[in-house]
Amino acid sequence: MFFKIIPAAILATLVRLSTQDVDITVAHDVPVNAHGPIDRAFTSWSLETDEANSTLGIGNTPNVFNENLISSLLAVTGGRPWIRVGGTSGDIGARFKPDEPATYRHYPPSFFKSFNNIKDVDYMFQIPMTPNNITDSVLFFREAYKNIGPDRLWGVELGNEENVWIVFSGGGADHQTYVNRFLRFEQAIIDTGLLQNNTAFQAIDSQNDRGASDNIAYQTSTSQTLQSQLMNHTAIKVKMLTYRPAIQYMKQNYPKIAFYLDEVGNGQLGDFSFQQNFGEALWAVDMQLYAMVQIQDVSKVSFLLRAESGNSPWTAWPVGGATPNVKPTYYAQQFVASFIGGGSAVVKVSLIYESEFYTAYGAYENGKLKRIAVINLQGWNIGTSPRPSFNFKLHIPVGLTSNLYIQRFQSPNGARGLVSDITWRGCQWTYASLGKVVTGVRNDAFYVLGNADRVATINLPASQAYIVNFYD
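These remarks concern the structure in this document. These figures come from a predicted structure and were not determined experimentally.

## So, the packing of aromatic side chains
(1) Moving on: Following the criterion strictly, the structure yields 29 aromatic pairs and no others.
(2) Moving on: Between F115 and Y123, the aromatic rings sit 5.5 Å apart at their centres with planes inclined by 90°, giving edge-to-face as the arrangement.
(3) Moving on: Three or more aromatic residues joined by ring pairs form one cluster here, namely F96, Y107, F111, F112, F115, Y123, F125 and F140.

Pasting the structure below:
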């Protein structure tokens with residue numbers, strides 16, 4: 001591990017001081033408005049059905065690159081990651097095909113073997129409702145269940161998005177038609193006798209207070225600038241607040257039913273100029289941390305894992321002549337996993353500071369402050385100087401040491417830096433390493449010492465983020 005000790009007073013002379021400073025006073029004990037406990041599998045994935053084989057592995061042969069990336073995240077938090085398998089390809093025209101080989105949206109037994117390749121993953125698995133064939137959908141469910149197993153089947157999703165289902169169903173289908181068919185298919189799955197008591201449907205079970213409410217979340221569907229739409233906490237808040245009515249309704253009426261963002265990306269249509277760079281990763285960090293805090297009460301964020309998508313965390317198989325690769329959003333997931341932490345402690349999160357370009361969040365373990373994430377979303381790119389920065393003047397709570405250990409998330413080339421430039425705590429994950437962590441790439445850890453008044457000045461350059469670690 002590489003690090004150096006930098007007294008706060010000296011640190012201020014080594015970098016260009018920001019014209020903007022802020023004093024941060026943070027509580028030693030968890031505040032009453034903190035959100036939690038945080039699920040250690042908070043940062044997860046959503047996978048299109050027809051890409052399951054290519055991503056997870058064909059037959060009983062796992063995709064090792066994909067497996068290592070998932071295992072690397074699991075190693076940080078200890079929480080079993082969650083994958084939602086579904087989408088249009090798992091609903092409209094999708095059927096179980098008892099004989100080989102697979103054909104368009106007809107899935108034979110060999111297809112379902114993929115879900116047994118990675119053991120430390122839980123699944124929300126979608127069962128088709130179109131065509132209207134309960135017998136076939138039950139066979140689809142049984143084959144999935146046989147390979148996933150009761151311990152890893154977190155929940156069952158019936159059909160794709162309701163509005164999409166209505167469009168493709170035809171025949172004057174409406175919301176009530178959807179509900180009626182859902183209930184018939186749900187009962188047929190229950191009647192198999194395979195579901196465990198804790199297996200949820202992606203729906204509201206008002207009698208048993210079980211289920212899951214999920215939503216698609218894309219930051220933008222138009223081509224905007226990186227600074228205006230992604231590297232912008234105000235824009236992130238505006239987008240996230242669109243889910244507030246649904247979240248508040250669920251909390252008031254069905255408080256035990258979890259609320260998920262289960263198909264997440266920065267842009268819904270095509271590849272935008274703001275994708276696949278470090279600025280995208282900073283967006284993904286701030287968006288996830290903001291989703292955690294009490295005002296939002298989101299239980300999981302699952303990024304769309306799709307090969308041709310510019311905002312996928314990685315591409316697990318060759319597409320368009322390109323080799324498999326890791327993308328910036330995966331680095332953001334690693335950052336968030338480190339912020340949550342590992343072990344068995346109860347973790348709660350609070351929002352400490354926010355402005356348009358600067359945010360700070362606190363992570364509390366068993367009621368005590370353990371980490372702070374600070375993010376500077378102000379855009380900067382190499383070749384433009386001087387590089388702006390921001391001073392967080394942190395008042396260290398009594399009971400914690402004044403020696404703060406800081407880990408850096410950065411690209412030396414700034415917001416437009418490519419994934420090959422990105423490091424989190426000096427590490428990288430690449431296809432060349434088959435998804436295993438590569439350590440010691442860069443010196444990205446250092447100490448900052450507080451002054452006699454227990455104030456530490458943490459200078460954070462534009463287009464970077466830190467995790468500040470506290471010790472008793």
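## Considerations on the sheet that holds strand β2 (residues 20–25)
(1) Moving on: In space, the three strands of this open sheet follow the order β2-β19-β25, with mixed pairing throughout. Only two strands of the sheet have a single neighbouring strand rather than two, namely β2 and β25 (455–461). For this sheet the average axis-to-axis angle between neighbouring strands, irrespective of direction, equals 25°.

## Things to note about the nonpolar core
(1) Moving on: In this structure, F115, F125, L289 and F409 are the most contacted members of the largest nonpolar core, which totals 96 residues.
(2) Moving on: Counting residues per element, this core draws most heavily on helix α11 (residues 278–292), which supplies 11 residues.
(3) Moving on: Once you skip the residues sitting within four places of it in the chain, L289 turns out to touch F335, V336, F339, Y361, A373 and I375.
(4) Moving on: Residues V22, L369, I396 and L400 belong to the second largest nonpolar core, which totals 24 residues.

## Some details on a nonpolar patch on the surface
(1) Moving on: On the surface, a cluster of nonpolar side chains totalling about 240 Å² of accessible area is made up of V64, Y431 and L434.
(2) Moving on: With respect to the secondary-structure elements, Y431 resides in the loop between β22 (428–429) and β23 (437–438).
(3) Moving on: Residue classification places Y431 among the partly exposed residues on the basis of a relative accessible area of 36%.

## As for the pattern of salt bridges
(1) Moving on: On inspection of all chains with the given rule, the structure shows 13 salt bridges.
(2) Moving on: Across the pair K300 and D39 runs a salt bridge whose closest N-O atoms are separated by 2.7 Å. Taken together, the residues span a long stretch of sequence, with K300 in strand β13 (residues 300–305) and D39 in the loop between β2 and β3 (43–48) at a distance of 261 residues.
(3) Moving on: By relative accessible area, K300 is classed as buried at 3%.
(4) Moving on: Notably, a salt bridge pairs R84 with E157, separated by 2.9 Å at the nearest N-O pair. Note that R84 is positioned in strand β4 (residues 82–86) and E157 in strand β8 (residues 153–158), a separation of 73 residues in sequence.

## Observations regarding the packing of helix α3 (residues 64–77) against helix α12 (residues 328–340)
When two helices pack together, their arrangement is captured by the angle between the axes and the distance separating the axes.
(1) Moving on: The N-to-C vectors of α3 and α12 enclose an angle of 20°; their axes lie 8 Å apart at closest approach. Classified by the interaxial angle, the pair formed by α3 and α12 is roughly parallel. The hand of the α3/α12 crossing is right-handed. In this structure, α3 contributes L69, S72, L73, V76 and T77 to the contact, and α12 contributes Y330, Q333, Q334, A337 and S338.

## Observations concerning the environment of P101
(1) Moving on: Looking at the secondary structure, you find P101 in the loop between β5 (95–96) and β6 (106–107).
(2) Moving on: Linking P101 and F111, residues 10 residues apart in sequence, is a C-alpha distance of 9.1 Å.

## Some points on the side chain of R371
(1) Moving on: Positionally, R371 belongs in strand β18 (residues 368–376).
(2) Moving on: Taking relative accessible area as the criterion, R371 reaches 7% and is therefore assigned buried.
(3) Moving on: At 2.8 Å, the side chain of R371 forms a polar contact with the side chain of E365.
(4) Moving on: For R371, the residues in contact, after removing those within four places along its chain, are S338, F339, I340, G341, Y361, G362, A363, E365, I467, V468, N469 and F470.

Parameters at a glance
Residues numbered from 1 in each chain as written. Predicted model: local features only at pLDDT ≥ 70, side-chain atom pairs only at ≥ 80, totals over all residues. Heavy atoms only, no water. Phe/Tyr/Trp six-rings, centres within 6.5 Å; stacked < 30°, edge-to-face > 60°. Pairing = 2+ DSSP bridges. Helix = DSSP H or I, 4+ residues; strand = E, 2+ residues; numbered from the N terminus. Axes fitted to C-alpha atoms, helices over the stretch in contact; angles between N-to-C directions. Core = buried A, V, L, I, M, F, W, Y, C linked by side-chain atoms within 4.5 Å. Buried < 20%, exposed > 50% of the residue type's maximum accessible area, 1.4 Å probe, protein only. Contact = heavy atoms within 4.5 Å. Patch = residues over 30% accessible without salt bridge, like charges linked within 9 Å, V, L, I, M, F, W, Y side chains within 5 Å. Areas by Shrake-Rupley, 256 points an atom, 1.4 Å probe, with all protein chains shown as cover. Salt bridge = Lys/Arg side-chain N within 4 Å of Asp/Glu carboxyl O. Parallel < 35°, antiparallel > 145°, perpendicular 65-115°, else oblique. Left-handed = near helix turned anticlockwise from the far one by under 90°. Polar contact = N/O pair within 3.5 Å; in protein donor to acceptor, adjacent residues only side chain to side chain.

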